[in-house]
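Topology and contacts: notes
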Amino acid sequence: MATRNLSSVLHELREHGNGANNGVRETNDLTDTGYVQEFEEEFVCRVCLGILQFVYSDGKGVLVEKNNAGDFAATIEDAVKKEGHEIDNFCLEVSLPPIVVEKEQAVWSYIEKKYSSESWFSEKFPSERIGVKDFLKLSVANPLEKLLDVKSNGSSFRICLTYTLSDASSKIEPLPESNGCSKRRKIGRFFIFGFPFVFPIETLCILASTSLMHTCKSSHGAITESLFLDSAHFKFLFDGTDDSDVLKNCTGLHEVEKHNTVTNSSIESVDEGNGFLPFPLEKVNNCCSLISQCYKTSIYVGGRYLKYSRNVSQSRWIIDDERMGEASVEEIIGGSILPICQGDSYKFHAAGREDIDVRMLGTGRPFLVEIQNARQFPSDVLIKDMEMKINSLERNLVKVKNLKFLGSQGWVMMREGEAEKQKQYAALVWISRPLNDDDVLSLSSFKDMQILQKTPVRVLHRRSPLGREKTIHWMKVERVAGSSQYFMLHLCTQAGTYIKEFVHGDLGRTQPSVGSILGCRAEILQLDVTDVKMDCFQT
């Protein structure tokens, strides 16, 4: 931006805001470092509310001032190290109060309205711009990369900076409604041409859209001497250091040209029709509060579990403050893995579930333990330690096999083919009359038999009353020695089949059933899952 145009904008910010100057001082010598460092009347920038000044209130309400982006990044680095995370990349996330966006819009609306007729504006003013949020990211990312010695090109570790403002400070007064033809423009990134101008850091949020920022974005935050605002100035603005000789000899830093001021009425009328805050912006006294958090995206440890007890639920089961069963698969496995990964919490996911009185035998059931905010990635050695720890528990209620450490792809593995998976069962069945050879042949003859199951009575209180078509792929009967009314029924079914109801019929809600096929009463006494046919975690 031409020096005279930038000077005009800064002058209007100073002159039309009840006498305050937004921290900008007119001077005839732009190389004077006092111009950059001095904030005469206002402590907090009217646009960014201190965010780009690195001034904020911490979680205890204490005012914190950082000299530059490097010092601010060092604060973030300390927080990361205190958490004890092992990281190989990071992603910086910033959340701003809505009032900051409103203020940005007001400034940009004024600039566009005032200079849209200028030739330089139409030639060089692009359609996108960069705001306070992205400017903060670009200024902090580079020093943070150096301090953490990792790149900011990943998403497994997230650093979240959440700026908030008290309700009283952030209240936005409603503006007069326009004729209904205008809409608020979407905030995006946009880069105004570069300008050889040195000014306090808070004024960068007014005119942050420079070719400097475009260069930073395209090179992932790298600072090079190819920037229009050369490396000496950039270093001065963001690191708080400078080479005075270089600054004094830089071209383009000359006396600010005199200019005529614009009347208050002409400025204030610019933005109201567009639904933005009136310009110039009002003086502010409070900076934003900042809460910084860092967390790791979830990691997964997967495998297969076997359950040997008929008094262990899959997940923790509490009814009216009373625990059902002696333990749960979730707690036994998740409680053993969580401390090894040094995570905050865990979630247990399994490929289906069995009832508390049903054992899980054979090849086991696939499962995932999702560790949230893990501070340590489990190595192959640690994975083996996990498996041994779980399998050596005294009561031997649950065992695991084929444990593996997985990234986010673990969830995909679990979901692929889950709807098409088959399960095999072994059920001890009693019928109301003696079992004969025709019964055995009849049950064994069915292949891919279709059945219709309405939601079982026992789960109607938590499941929708629907009808579901399921497939019984095959059945085999194994007689029990010494008894004519008991037999073992081995069967393979489509996932989601209610086996107990398939045996006894559930008062006619499952058709056909073992009872209806044999023409007598049938009851299931014991049930075991013997195989869950899925490809994951087989070895």
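Treat the numbers as computed from the prediction; the structure is a model and nothing was measured.

Of the regular secondary structure elements, the protein holds 17 helices and 19 strands. A buried classification covers 49% of the 539 residues belonging to the protein. Looking at the protein alone, contacts between residues at least 24 apart form 76% of all its contacts between residues at least 6 apart. Accessible surface, the protein: about 26,000 Å² in total, of which carbon and sulfur atoms supply 48%.

So, on to the nonpolar core. If you look at the biggest cluster of nonpolar residues, it comprises 62 residues, and the most contacted ones within it are Tyr305, Ile333, Ile337 and Phe367. For this core, the domains that each give at least three residues are domain 2 (298–419) and domain 3 (422–532). In terms of nonpolar packing, the next biggest core, distinct from the first, is built from 48 residues, Tyr56, Leu96, Phe157 and Tyr163 among them.

Turning our eyes to something else, we now look at the pattern of salt bridges. This model, assessed by the stated rule, comprises 20 salt bridges. For lysine 307, the salt bridge goes to glutamate 354, with nearest N and O atoms at 3.9 Å. Note that lysine 307 is positioned in strand S6 (residues 299–307) and glutamate 354 in the loop between strand S11 (345–350) and strand S12 (359–372), a separation of 47 residues in sequence. This pair shows no difference in class: lysine 307 is buried, exactly as glutamate 354 is. For aspartate 344, the salt bridge is made with arginine 375, and the minimal N-O distance between the two is 2.9 Å. Taken together, the residues span a long stretch of sequence, with aspartate 344 in the loop between helix H12 (329–341) and S11 and arginine 375 in the loop between S12 and helix H13 (380–391) at a distance of 31 residues. With relative accessibility at 48%, the residue aspartate 344 sits in the partly exposed group.

Right, let's talk about the packing of helix H3 (residues 69–83) against helix H6 (residues 132–148) for a bit. Two elements in contact, H3 and H6, have axes separated by 8 Å at closest approach and are oriented at 50 degrees. Taken as axis vectors, H3 and H6 run oblique relative to one another. You can see that H3 and H6 cross each other, and the crossing is right-handed. On the side of H3, the interface is formed by Ala69, Gly70, Phe72, Ala73, Ala74, Ile76, Glu77 and Val80, while H6 contributes Ser139, Val140, Pro143, Leu144, Leu147 and Leu148. The residue inventory of the contact of H3 with H6, partitioned by class, reads eleven nonpolar, two polar and one charged.

On to the confidence of the model for the protein. Per-residue pLDDT for the protein has a mean of 76; in total, 68% of the residues score no lower than 70. A low-confidence stretch, residues 17–40 stays under pLDDT 50, and its non-local contacts, those more than four residues away or across chains, total 64 contacts. Low confidence marks residues 172–273, where pLDDT is under 50. Its contacts with residues over four positions away, or in another chain, come to 222 contacts.

About the thresholds
Residues numbered from 1 in each chain as written. Predicted model: local features only at pLDDT ≥ 70, side-chain atom pairs only at ≥ 80, totals over all residues. Heavy atoms only, no water. Helix = DSSP H or I, 4+ residues; strand = E, 2+ residues; numbered from the N terminus. Buried < 20%, exposed > 50% of the residue type's maximum accessible area, 1.4 Å probe, protein only. Contact = heavy atoms within 4.5 Å. Areas by Shrake-Rupley, 256 points an atom, 1.4 Å probe, with all protein chains shown as cover. Core = buried A, V, L, I, M, F, W, Y, C linked by side-chain atoms within 4.5 Å. Domains from an automatic or database assignment. Salt bridge = Lys/Arg side-chain N within 4 Å of Asp/Glu carboxyl O. Axes fitted to C-alpha atoms, helices over the stretch in contact; angles between N-to-C directions. Parallel < 35°, antiparallel > 145°, perpendicular 65-115°, else oblique. Left-handed = near helix turned anticlockwise from the far one by under 90°. Nonpolar A, V, L, I, M, F, W, Y, C, P; charged D, E, K, R; others polar. pLDDT = per-residue confidence, 0-100.

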